[in-house]
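This is what each chain is made of:
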Amino acid sequence: YKKVENLLDAWVDLGDSVSRWPLVVAGAPYDADYARQMEERSRAARGAVHFTGALDAPALGALMAACRVFVFTSEAENLPITLLEAMAAGCPILTNRTCSMPETCGEAAAYADPPCADEYRAELERLLFDDGYRNDLRARALERAKRYRWSEAAAQTLAVLRAAGAEAGR
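None of the values given here were measured: they were computed from a predicted structure.

Draft legend 1. Representation of the layout of surface pockets in the model. Volume-wise, the largest pocket comes out at about 1,200 Å³. If you list the elements that add at least two residues to the lining of the largest pocket, you get α1 (4-14), β1 (23-26), α2 (32-42), β2 (49-53), α3 (57-66), β3 (70-71) and α6 (117-129). Its residues assigned to classes, the lining of the largest pocket shows 29 nonpolar, 6 polar and 5 charged. Space inside the second largest pocket adds up to approximately 510 Å³. Around the second largest pocket, the lining comprises 19 residues; the ones closest to its centre are Leu79, Ile81, Leu84, Tyr148 and Arg149. Put simply, the parts of the chain that give the lining of the second largest pocket at least two residues each are α4 (81-88), α5 (101-105) and α8 (150-168). With 6 residues, the top contributor of residues to the lining of the second largest pocket is α8.

Draft legend 2. Quick look at the packing of aromatic side chains. The full count for this structure, using the stated rule, is 3 aromatic pairs. Aromatic side chains Tyr1 and Tyr30 sit 5.4 Å apart centroid to centroid with 40 degrees between the ring planes, which places their arrangement in the tilted category. Taken together, the residues Tyr1 in the segment before α1 and Tyr30 in the loop between β1 and α2 connect sequence positions 29 residues apart. For Tyr1, a relative accessible area of 47% corresponds to the partly exposed category. Residues Tyr30 and Tyr34 carry aromatic rings whose centres are separated by 5.5 Å and whose planes lie at 35 degrees to one another, so their mutual orientation is tilted. Look at Tyr34 and you get buried, because its relative accessible area is 16%. Taken together, the ring pairs in this structure connect Tyr1, Tyr30 and Tyr34 into an aromatic cluster. Residue placement shows Arg97 over the ring face of Tyr111; its charged tip is 4.1 Å from the ring centre. Sitting over the ring of Tyr133, Arg126 keeps its end group 3.5 Å from the ring centre.

The rules we used
Residues numbered from 1 in each chain as written. Predicted model: local features only at pLDDT ≥ 70, side-chain atom pairs only at ≥ 80, totals over all residues. Heavy atoms only, no water. 1 Å grid on protein atoms, 1.4 Å probe; cavity = no way out; pocket = protein on both sides within 12 Å on 5 of 7 lines; lining within 4 Å. Points joined across faces, edges and corners; volume = space filled by probe spheres on them. Helix = DSSP H or I, 4+ residues; strand = E, 2+ residues; numbered from the N terminus. Nonpolar A, V, L, I, M, F, W, Y, C, P; charged D, E, K, R; others polar. Phe/Tyr/Trp six-rings, centres within 6.5 Å; stacked < 30°, edge-to-face > 60°. Buried < 20%, exposed > 50% of the residue type's maximum accessible area, 1.4 Å probe, protein only. Lys NZ or Arg CZ within 6 Å of the ring centre and 35° of its normal.

This is the structure in structure tokens:
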């Protein structure tokens, strides 16, 4: 469900045009066989592809702060906290329209629609080489991230619990 193959295939298709940037795939693999398949698939890329494995929060934050484009290919997430973190870091985001990604990112992300390698390639090419578009998405991400605050989540949760308690007391 992570669909990293879409990103790797898109990267390979972009060829020499992206060889100046490394592709960094962050996170601990959830399946060893899948991880091996993705590493094998990455060997066709012209530029460097790095698989970081698990990262602590400071390292992941530093990586997000330095990225040119943040790509999130997963197609099965309820509330992708990683997308919230990327928006808060001001990352220009490329994701897909499955599950809660559009609800989470709204107009603050570019979308591979449908979520396939060809669409990721087209959007990646635009984001990597169109400074204006990339900077616009960066600004939208920072603005959208302001909607998500722990204090607001706590207040909304408390309101729901109070309403449920009042209903149960009747």
